[in-house]
Amino acid sequence: MSTNSHPPKTQSGFFNDLGELGGNHAQFSEVCTALYERELLFIAHSGISNASILKRRIGGLPHHIRSVARYFVTNPTPLSTDTYNGSWYAKQPKSAPRVPQNADATAQWFRKHADYGLIVPVLVRTIEGIHLELDTIDKTMLVDDVVHLNKHGWFTVDGINRGNSQEANRRNKQASHFIESSDEESRESGLESYGTFDSKTLLKPTKTIMASACSGHAWNFKSRVSPRALSIREMRLSTQINWKNFTLLK
């Protein structure tokens, strides 16, 4: 009976096996610890009951976390780094990006640059407020002017989500009384331009929008709120952004 010639890495190996980091070992270890703790909390509260899925999720963490941590301490970006929390940091705008953006400019940009693997920002509006998420294009059908995102589904190239469910529409109607009572607050904060609750909008990437998405920026119906923590999936996506022009990295 054959044995596995590649024994599992020890905990010390997880933190210390990358000699190319030079003097950044302390920062690397700190980022790894923060990311590991955060993602385990995400998994613990995810509601996943399938043991096989949990095994794959947890088994893949060392690779994903090392990849993010290595990028974190060795690659310059326009963002500041918070190694203690394993997070990106950028100054948060007072209000969320206004939507819709210029439809023609957005459509023209995506017709030219949409490609498999491109990292894009999505504005998500819920009853709690607004935040930005990173996603990636996994299918393009530009003959029909639509793209498909790995998490958020189909969008037209001018940013309109084509995957809103009937359940979301039902919740929007249930929340109508809240919308009416919030009209004045929404006008003051500019949130009246974001459509109904549980809506998603694909945005044309800009430096400010992508920095906000990477930093977990969020807003309620009055002002900024505390940034949300990004999952390891979004942290991986943040390491694949082309900060020069936001087109696909070659």
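Residues numbered from 1 in each chain as written. Predicted model: local features only at pLDDT ≥ 70, side-chain atom pairs only at ≥ 80, totals over all residues. Heavy atoms only, no water.

**Describing the overall build of the chain**
Scanning the chain from N- to C-terminus turns up 10 helices and nine strands. Looking at the chain as a whole, 43% of its 250 residues qualify as buried. Carbon and sulfur atoms provide 52% of the accessible area of the chain, an area that totals close to 14100 Å². (Helix = DSSP H or I, 4+ residues; strand = E, 2+ residues; numbered from the N terminus. Buried < 20%, exposed > 50% of the residue type's maximum accessible area, 1.4 Å probe, protein only. Areas by Shrake-Rupley, 256 points an atom, 1.4 Å probe, with all protein chains shown as cover.)

**A short note on the packing of aromatic side chains**
Throughout the structure, instances matching the rule amount to four aromatic pairs. Arranged with centres 5.8 Å apart and planes meeting at 70 degrees, the rings of Trp243 and Phe246 form a pair that is edge-to-face. A single burial state applies to Trp243 and to Phe246, both of which are buried. (Phe/Tyr/Trp six-rings, centres within 6.5 Å; stacked < 30°, edge-to-face > 60°.)

**Concerning the layout of surface pockets**
Where empty space is left becomes clear once a probe the size of a water molecule has been rolled over the atoms. For the largest pocket, the calculated volume is near 340 Å³. Taken together, 15 residues form the lining of the largest pocket, with Glu39, Arg57, His64, Ile232 and Arg233 sitting closest to its centre. Elements with a minimum of two residues in the lining of the largest pocket: helix 2 (25-44), helix 3 (51-59), helix 4 (61-74) and helix 10 (232-238). (1 Å grid on protein atoms, 1.4 Å probe; cavity = no way out; pocket = protein on both sides within 12 Å on 5 of 7 lines; lining within 4 Å. Points joined across faces, edges and corners; volume = space filled by probe spheres on them.)

**A short note on unusual backbone geometry**
Put simply, Val99 and Pro100 share a cis peptide bond, and its omega is 0 degrees. Mapped onto the elements of the fold, Pro100 is located in the loop between strand 2 (87-89) and helix 5 (103-113). A positive phi is found at Asp145, a non-glycine position, where the angle reads about 60 degrees. Along the chain, Asp145 turns up in the loop between strand 4 (129-141) and strand 5 (146-149).

**Observations regarding helix 4**
Between the first and last C-alpha of helix 4 there are 20 Å, a value that for 14 residues agrees with the 20 Å anticipated at 1.5 Å per step. Of all the positions in helix 4, only Leu61, Ile65, Arg66, Ser67, Val68, Ala69, Tyr71, Phe72 and Val73 are classed as buried. (Expected span 1.5 Å × (residues − 1).)

**Quick word on the pattern of salt bridges**
With the rule as written, the count across this model stands at five salt bridges. Residue Glu133 pairs with Lys151 through a salt bridge whose shortest N-O separation is 3.0 Å. Within this pair, whereas Glu133 is found in strand 4, its partner Lys151 is found in the loop between strand 5 and strand 6 (153-156), the two being separated by 18 residues in sequence. For Glu133, a relative accessible area of 8% gives the class buried. (Salt bridge = Lys/Arg side-chain N within 4 Å of Asp/Glu carboxyl O.)

**Side note on the packing of helix 2 against helix 4**
The contact between helix 2 and helix 4 brings their axes to 9 Å, and the two run at 135 degrees. In terms of their interaxial angle, helix 2 and helix 4 are classed as oblique. When the axes of helix 2 and helix 4 are compared, the crossing they make is right-handed. Taking contact as the criterion, the partners of Gln27, Phe28, Val31, Cys32, Leu35, Tyr36, Glu39, Leu40 and Ile43 in helix 2 are, on helix 4, Leu61, Pro62, Ile65, Arg66, Val68, Ala69, Arg70, Phe72 and Val73. (Axes fitted to C-alpha atoms, helices over the stretch in contact; angles between N-to-C directions. Parallel < 35°, antiparallel > 145°, perpendicular 65-115°, else oblique. Left-handed = near helix turned anticlockwise from the far one by under 90°. Contact = heavy atoms within 4.5 Å.)

**A few points about the nonpolar core**
Core analysis: the biggest nonpolar cluster contains 50 residues, and Leu134, Val147, Leu149, Leu202, Met235 and Ile241 have the highest contact counts within it. Going through the elements one at a time, helix 2, helix 4, helix 5, strand 3 (119-126), strand 4, strand 5, helix 9 (207-215) and helix 10 are the ones with two or more residues in this core. It is helix 4 that provides the largest number of residues to this core, a total of seven residues. Apart from the residues within four sequence positions on either side, Leu149 is in contact with Val120, Val122, Asp135, Thr136, Ile137, Asp138, Phe155 and Leu202. (Core = buried A, V, L, I, M, F, W, Y, C linked by side-chain atoms within 4.5 Å.)

**Observations concerning the environment of Leu132**
Tracing the chain through its elements places Leu132 in strand 4. Once residues within four sequence positions are removed from consideration, Leu132 is found in contact with Pro97, Val122, Leu123, Leu203, Ile209, Ser212, Ala213, His217, Trp219 and Arg228.

**Focus on the confidence of the model for the chain**
Across the chain, the average pLDDT comes to 83, with 77% of residues at 70 or higher. When mean pLDDT is taken per element in the chain, helix 9 scores highest with 98 and helix 7 (residues 176-181) scores lowest with 38. Scored below 50 in pLDDT, residues 9-18 shows 20 contacts in the model against residues more than four places distant or in partner chains. Confidence drops under a pLDDT of 50 for residues 164-195, and excluding neighbours within four residues, the segment shows 40 contacts in the predicted structure. (pLDDT = per-residue confidence, 0-100.)

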